[in-house]
Amino acid sequence: MNLVRSVSLFVFCLWIAVMQVSAKYSPLSLSSREILKSKCADCHSSKAVMPFYAKLPFVKDLVKKDVEDGLLDFDMEKDLNDIPDKDLDEAKLIHLETSIADNTMPPLQYAVIHWDKLLTKDEKIVLLKWINSVYKLKGI
Ligand code: HEC
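Just so you know, these numbers come straight off a predicted model, no measurement behind them. Each chain carries its own residue numbering, running from 1 in the written order of its sequence. Owing to the predicted nature of the model, reporting of local features is limited to residues with pLDDT of at least 70; listing and counting of side-chain atom pairs is limited to 80 or more, with chain, interface and lining totals taken over all residues.

Focus on the environment of proline 106
Using the following cut-off: Only DSSP runs of H or I covering at least 4 residues are called helices, and only runs of E covering at least 2 are called strands; the numbering of each starts at the N terminus. Three exposure classes are used, based on other C-beta atoms lying within 10 Å of a residue's own C-beta, which is placed from the backbone: buried for 20 or more, exposed for 12 or fewer, and partly exposed in between. Residue pairs qualify as contacts under a 7 Å threshold applied to their C-beta atoms, which are placed from the backbone.
Considering the arrangement of structural elements, one finds proline 106 in the loop between helix H5 (90-101) and helix H6 (108-113). With 23 C-beta atoms counted inside 10 Å, the residue proline 106 sits in the buried group. Residues proline 106 and cysteine 43, 63 residues apart in the sequence, show an inter-C-alpha distance of 9.0 Å. Excluding residues within four positions of it along the chain, proline 106 makes contact with Cys40, Ala111, Lys117 and Leu118.

Observations regarding the packing of helix H2 (residues 27-44) against helix H7 (residues 121-138)
Keep this limit in mind: Geometry is summarised by axes, namely lines fitted to C-alpha atoms with helices restricted to the contacting stretch, and by angles between N-to-C directions that run from 0 to 180 degrees. Working rule for angles: under 35 degrees goes down as roughly parallel, over 145 as roughly antiparallel, 65 to 115 as roughly perpendicular, anything else as oblique. Rotating anticlockwise by less than a right angle from the far helix to the near helix defines a left-handed crossing, while the corresponding clockwise rotation defines a right-handed one. Gly counts as polar in this scheme, as do all residues outside two lists: the nonpolar Ala, Val, Leu, Ile, Met, Phe, Trp, Tyr, Cys and Pro, and the charged Asp, Glu, Lys and Arg.
For the pair H2 and H7, the least separation of the axes is 9 Å and the interaxial angle reads 125°. For the element pair H2 / H7, the angle class is oblique. For the pair H2 and H7, the crossing hand works out as left-handed. Contacts between H2 and H7 involve Leu28, Ser29, Ser31, Ser32 and Ile35 from the first element and Glu123, Val126, Leu127, Lys129, Trp130 and Ser133 from the second. For the contact of H2 with H7, the residue count by class is five nonpolar, four polar and two charged.

And the structure:
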């Protein structure tokens, strides 16, 4: 168990180190962007690939509505990806912070099916730390 932990920690540090070399974003920013991509892209990326059930009648319409509404508020392709931290939109950041801190995202009806997409406690800490670091960077 301890060995597994050490090895994972080592791999994680190595990953951070590699990322830092190619640093356009801070490690905190990169981790946060990865978390958002893996947990939120289904509804907040215009590039999201819908799962098979999204093609079924009725279900399709439900999911489509969620994605359309979700994209209106926060589209990762437009509002996050390839945008350096200091240029991120303040209002979007505040909404992001609120939705994470208040556990309103992902929406309940989705979380029930995709419990693996719920943010873990650690992921929330990383995201909130990152958002606060961006506020500082922007002098907010
Ligand atoms: C099942 C689709 C779905 C998933 C997955 C999802 N969202 Fe959303 N999101 C929505 C919808 C629909 C809205 C717009 C309606 C609302 O606010 O509930 C929204 C709105 C938002 C908003 C804007 C809220 C506001 O106050 O304007 C933010 C920020 C957000 N989501 C962040 C996230 C984050 C972060 C995740 C991942 C942890 C996530 N969402 C996952 C569907 C989703």
